[in-house]
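# Coordinates in review
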Amino acid sequence: MRNALLVAGREIGSYGRSLLGWAIGAAALLVEGLWFSANGLTGSRMSADVLREFFNGASGVTMIVAVLMSIPLLAGERERGTLVLLNTAPIRDIEIIVGKYLAAFAMITLITLVSVYMPLLIFVNGKVSLGHVAVGYTGILLLGSAALAIGMFTSAVSRSQVMAAILGGLLLAVMVTLWLVAKVTEPPVNGVLSGMALHHQRQFPFMTGVLKLENVVYYVAVTYFFLLAATKTLEARRWR
Amino acid sequence: MTKAFAVIEIVDLYKYYGERRAVGPLSFSIEAGEIVGLLGLNGAGKTTTLRILACDLLPSSGSVRVNGLDVVESPHEVRSLIGYLPDTPPLYGEMTVRAYLHFAARLRGLSKASADKRVPEVLEATSLAEVQDQLIASLSHGYKQRVGIAQAIVHGPKLLVLDEPISGLDPVQIVEMRELLRSLKGEHTILLSSHILSEISETCDRLLVIRDGQIAASGTEAELSAKLLKNQRIEVTVRGDEEKAKEAAGAVPGVVSVEAIDAAESGEGVFALRIESEGDAREAVCRALVTAEIGLLEVRRGERELESVFLELAGAETTGEGAGASPKKKRTGKRSAKKARASAGEGDAGAKDAAAEKEDGSGT
């Protein structure tokens, strides 16, 4: 764990010092703000609907941010030739993966939480429960965690950042659109596909303030699976 | 007399990239406190060997032991014993030199307190103290190379594995780097690679010449000179018919090659020959030339530089097959040396091949 925190600390410092971290954060907040303004603050709506709409936009932005954050973590290091420093140090692959995941997740959490002023604006002319806000953010962070793990896996298998971005985008798109595929398939396949979809069925309850354990378990499982896959990939490549 | 402890022991090492053999069969050992240079042209297998030693690459077969530990069975333990500088230093440009070295030290297992104590010592030893607060991205190539070495020694490893540490440095930086490497001797056992003999011959106690993934020759520079420069070379300046002179000299027993070179003096019909022979053939050559009615103006012993012998030995078209092999020069010798030089040369086709291999993830 000490090594993982060491790697995480360096990554967080790197995000802070590089333009990429700030640029992604600023772009994410801008898009979320525009979305909230266009879809949440127009017309006459229930406060809960406004909040749901905010979370809907924020969840999409968070997925993209997570993939963008994950691209340089391994593919970028491989491209720059710095991965060899970690590969030849007495540090386990799981510690490298966990350290990098923790750093990127901390950044995603920071970017997500900075947007909290938008839900709070609802209190000016309306009323929502703080529980709804908390559950909505929990959903976004769980989704961000899963998307980050998917991105880290594609970053681990790719030689270049461009390849990692393409693969990450494709895999994420497939995972998100599984519910559409489910629509045109027969039971029980449609149920499985719909249940595996990253956003639709799993994220909607969070947006409406409903916390279901099965959805939490789903996101944790996706995160675990792809982090494990990234670890095994790194392990195989480290010795190739 | 007891034998010194072998820090590196490689026995019958092979490394294949698909069907292609990059290294093997390779066997050598390095004793504690030695500075050994691994010399070879681009693509000879130097980087592959060093990457295997640094536990960055899995060997296909054979045994590689560092301090008695097998790199395949105990990679974690071996990694903590080694300081590794790859051909491109693994530097985070956005970090300051001090922060980077602190991170590298902690990564190699030093506690925070130990790292706090060790980093200033390493900054001092590598003459980086004056740039310790600068971002690595803003440093010159020479300083970046120093930072690369500093990260390799920051945890006080028993063994330093340095891949082309002098490559790309200017003459002043090369001298400084040599001094730095010499200052590390004793405290560390050092294995470093290069494709240019003169760059490391002054620094190393012993040289291993690698060709096609195998050791082609080994020893100190003096030993290599004695072994490899077995053929004697004489240069004669003569007047007369060039073809007749070549024929006469070439017919002398023991002469292995005769070639025309630029004569030091000018004059009608004056030319010079470089004659290489097994043993001293001066008297016999002179007699043969005079008998052939060639005017003998000057005879002198020719100098052979070890660098040219290394290039022939490490190149593709020589007959030397081992430490004891005599590099018999054929008529194509000059061309082969040129070709080898071109391959060893800076920014050459050989380098491109090696770069392509690296692109392929199989850098040798």
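Here's a quick rundown of the structure. (Residues numbered from 1 in each chain as written. Chains lettered and ligands numbered in written order. Predicted model: local features only at pLDDT ≥ 70, side-chain atom pairs only at ≥ 80, totals over all residues.)

### Here's the deal with the environment of Ser 145 of chain A
Residue and element names in this part refer to chain A.
- Considering the arrangement of structural elements, one finds Ser 145 in helix H7 (residues 130–157).
- We classify Ser 145 as buried; it has 24 C-beta atoms within 10 Å.
- Between the C-alpha atoms of Ser 145 and Val 220, which are 75 residues apart in sequence, the distance is 8.0 Å. (Helix = DSSP H or I, 4+ residues; strand = E, 2+ residues; numbered from the N terminus. Buried ≥ 20, exposed ≤ 12 C-beta atoms within 10 Å, placed from the backbone.)

### What about H7 of chain A?
- With 28 residues, H7 of chain A ought to run about 40 Å at 1.5 Å a step, and its terminal C-alpha atoms sit 41 Å apart, in line with that.
- The buried fraction of H7 of chain A is high, at 20 of 28 residues. (Expected span 1.5 Å × (residues − 1).)

### A few points about the sheet that holds strand S2 (residues 20–31) of chain B
Residue and element names in this part refer to chain B.
- In space, the four strands of this open sheet follow the order S2-S1-S4-S5, with antiparallel pairing throughout. Here the strands that pair on one side only, and so sit at the sheet edges, are S2 and strand S5 (69–70).
- As defined by bridge partners, strand S1 (residues 6–17) adjoins strand S4 (residues 61–66) across five bridges and the pair is classed as antiparallel. Among the inter-strand pairings, Ile 8 is bridged to a residue of S4, identified as Val 66. (Pairing = 2+ DSSP bridges.)

### Let's talk about unusual backbone geometry
- The omega torsion across Pro 187 of chain A and Pro 188 of chain A is 0°, close enough to zero to call that bond cis.
- Note on placement: Pro 188 of chain A falls in the loop between helix H9 (178–183) and helix H10 (189–196).
- Here the bond from Gly 24 of chain B into Pro 25 of chain B is cis, since omega is -5°, no more than 30 degrees from zero.
- Position of Pro 25 of chain B relative to the elements: it lies in strand S2.
- Positive phi outside glycine occurs at Ser 127 of chain B, with the angle close to 55°.
- Its place among the elements puts Ser 127 of chain B in the loop between helix H4 (112–125) and helix H5 (141–153).
- For Asp 212 of chain B, which is not glycine, the phi dihedral falls at a positive 50°.
- With respect to the element layout, Asp 212 of chain B can be found in the loop between strand S9 (206–211) and strand S10 (214–219).

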